[in-house]
Amino acid sequence: MPNSNDTATRRVDGTPKVIVTRQLMPSVEARMVELYDTSLNSGDAPFSRDQLVEAMHDTDVIVPTVTDRIDADLIAKAGDRLGLIASFGAGTDHIDLKAARDRGIIVTNTPSVFTDDTADLTMALIIGVPRRVREGVALVRRGKWTGWAPSGMLGRQLGGKTLGIIGMGRIGQAVAHRARAFGLKIAYHNRHRLPLAVETMLGAEFFEHEDELIAASDIVTLHCPATERTIGFYDSGRFDLMKEGSCLINTARGDLVDQEALISALESGKLAGAGLDVYPEEPKVDKRLLAHPNVMTLPHIGSATAEGREASGLKVIANIRMWADGHRPPDQVLDALVS
């Protein structure tokens, strides 16, 4: 079986066949149809597993999204002509990268284009949860608001509080940059410490151990990928470490947080609230989260801007073009990340 370096320089004879699993921006789909033998998903319903098997059996390129679980068994059933998984989105935890590498299938993603969009949405939650925005909106819409009062709807100031960032990659740094403007103190944990110049620019304090960061923070925001090490890592023990009345924000992956532990911390009053854009079993959202007055629940819209989605689609096209022309795609997921 060829290795990934061999397939990186493969040239497709004729027009590559491309199957897209979800509906993309109209301009992106139109360009794909111009360039390739493209099959689109006009109904936008997620592919079933059988549909994924069929799609991967007879195509050169498949363009999945985070809703498609491309595991080892699925990759083993792929046809010999499949050479590229050109994923739409920055995350790749929905793809078994090692299995793809072992089959000689290149995997690409679309990094960087959603950084600012996700950071903006994260800040909306960082502001909204301490200020009880969700509860206030519900109060007005139910017609229960009785007017301004000195002690009514009291939240917490942001200025002077500590924001703990777990995962200080592009998005984590973008959040830190925004949070400083609101007077938040920035603390972070990352697998590798940032250069001193970056820490100084962001005013960020490094914590080598994530438990110490969690205990020191008034608001914790998650920006790490879902891996074997991080799935479920935010468990009851870590909620116990949090300050009374603190908040948790998650715009990364739902699997990072133990749902039962989160709900227990909310119901006990340990947490003042939570801001969630992702969930373990999307689109299912636990009814207890929906019932809590200060849990802001969003429908996975961290990257949902027209500009970002178009830019991501254009990156997919660029990756396919480079691969089909026999060159290494610019956004190939490197072997070092899957070893």
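Per an unreviewed UniProt entry, the protein chain is named D-glycerate dehydrogenase, and its organism is Pontixanthobacter aestiaquae.

Asker: Quick rundown of the pattern of salt bridges? Include the residues and the values.
Answerer: In total, this model carries 24 salt bridges according to the counting rule given. The shortest N-O distance in the salt bridge between glutamate 199 and arginine 193 comes to 2.7 Å. A relative accessible area of 6% means that glutamate 199 is categorised as buried. The class of arginine 193 is exposed, set by a relative accessible area of 51%. Residue arginine 238 is joined to glutamate 210 by a salt bridge in which the shortest nitrogen-to-oxygen separation is 3.0 Å. Taken together, the residues span a long stretch of sequence, with arginine 238 in helix H11 (residues 236-241) and glutamate 210 in helix H10 (residues 210-216) at a distance of 28 residues.

Asker: Give me the lowdown on the packing of helix H2 (residues 26-35) against helix H14 (residues 306-324), citing residues and values where you can.
Answerer: Close contact between H2 and H14 brings their axes to 9 Å; oriented N to C, the two are set at 15 degrees. Of the possible angle classes, the one that applies to H2 and H14 is roughly parallel. Considering the relative orientation of H2 and H14, their crossing is right-handed. Here Ser27, Val28, Arg31, Met32 and Leu35 of H2 come into contact with H14, specifically with Glu310, Gly313, Leu314, Val316, Ile317, Ile320 and Arg321.

Asker: How would you sum up the side chain of serine 246? Please name residues and give values.
Answerer: Note that serine 246 resides in strand S10 (residues 246-250). In terms of polar contacts, serine 246 uses its side chain to reach the backbone carbonyl oxygen of lysine 243, at 2.7 Å. Those residues in contact with serine 246 that sit more than four places away from it in its chain are Ser217, Asp218, Lys270, Leu271, Ala272 and Gly273.

Asker: An account of the sheet that holds strand S6 (residues 162-166) is needed here, citing residue identities and associated values.
Answerer: The sheet built from seven strands is open, its strands ordered S8-S7-S6-S9-S10-S11-S12 with parallel pairing. Since the sheet does not close on itself, it has two edges, and those belong to strand S8 (204-206) and strand S12 (295-297), each with one partner. Each strand of the sheet is rotated relative to its neighbour by a mean of 20 degrees, with strand direction disregarded. Helix H6 (residues 115-128) rests against S6, strand S9 (219-222), S10, strand S11 (271-276) and S12 of the sheet, and its axis sits at about 160 degrees to S10. Against the sheet, helix H8 (residues 170-180) touches S6 and strand S7 (185-189), its axis set at about 170 degrees to S6.

Asker: Any details on the sheet that holds strand S4 (residues 84-86)? Residues and values, ideally.
Answerer: Reading across the sheet, the five strands line up as S2-S1-S3-S4-S5 and stay open at both edges, with parallel pairing between neighbours. Each having just a single partner strand, strand S2 (37-39) and strand S5 (106-108) make up the two edges of the open sheet. Across this sheet, the average inter-strand angle for adjacent strands is 15 degrees, counted without regard to direction. In the sheet, strand S1 (residues 17-20) pairs with S2 via three bridges, with the strands oriented parallel.

Asker: Run through the domain arrangement of the protein chain, naming residues and quoting values.
Answerer: When cut into domains, the protein chain gives domain 1 (17-113 + 305-337) and domain 2 (114-297). For domain 1 versus domain 2, the distance between C-alpha centres works out to 31 Å. Counting from both sides, the interface comprises 13 residues of domain 1 and, opposite them, six residues of domain 2. A combined buried area of about 750 Å² lies between domain 1 and domain 2, and 47% of that area is made up of carbon and sulfur atoms. Of all residues in domain 1, Asp93, Ser112 and Val113 give up the largest surface area on contact with domain 2, accounting jointly for 54% of the area buried on that side. We note a salt bridge from aspartate 93 to arginine 253, for which the minimum N-O separation is 3.1 Å.

Asker: Just give me the short version of the layout of surface pockets, but keep the residues and values in it.
Answerer: Considered as a void within the structure, the second largest pocket measures approximately 340 Å³ in volume. If you trace the second largest pocket, you find 20 residues lining it, with Pro130, Arg156, Gly245, Cys247 and Ala272 closest to the centre.

Asker: Account for helix H12 (residues 259-268), with residues named and values stated.
Answerer: Considered for burial, the residues of H12 that qualify are Gln259, Ala261, Leu262, Ile263, Ala265 and Leu266. Where H12 is buried, its residues touch H11, S10, S11, helix H13 (287-291) and S12. You can read the cap of H12 off the contacts: a side-chain oxygen lies 3.0 Å from the backbone nitrogen of glutamate 260, and it is on aspartate 258.

Asker: Outline the pairing of S11, supporting the account with residue identities and numerical values.
Answerer: Where burial is concerned, most of S11 is hidden: five out of the six residues are buried. For the handedness criterion, the β-α-β arrangement of S10, H12 and S11 is classed as right-handed.

Conventions we followed
Residues numbered from 1 in each chain as written. Predicted model: local features only at pLDDT ≥ 70, side-chain atom pairs only at ≥ 80, totals over all residues. Heavy atoms only, no water. Salt bridge = Lys/Arg side-chain N within 4 Å of Asp/Glu carboxyl O. Buried < 20%, exposed > 50% of the residue type's maximum accessible area, 1.4 Å probe, protein only. Helix = DSSP H or I, 4+ residues; strand = E, 2+ residues; numbered from the N terminus. Axes fitted to C-alpha atoms, helices over the stretch in contact; angles between N-to-C directions. Parallel < 35°, antiparallel > 145°, perpendicular 65-115°, else oblique. Left-handed = near helix turned anticlockwise from the far one by under 90°. Contact = heavy atoms within 4.5 Å. Polar contact = N/O pair within 3.5 Å; in protein donor to acceptor, adjacent residues only side chain to side chain. Pairing = 2+ DSSP bridges. Domains from an automatic or database assignment. Buried area = accessible area lost by both parts, 1.4 Å probe. 1 Å grid on protein atoms, 1.4 Å probe; cavity = no way out; pocket = protein on both sides within 12 Å on 5 of 7 lines; lining within 4 Å. Points joined across faces, edges and corners; volume = space filled by probe spheres on them. Right-handed = clockwise from strand over helix to strand, strands pointing away.

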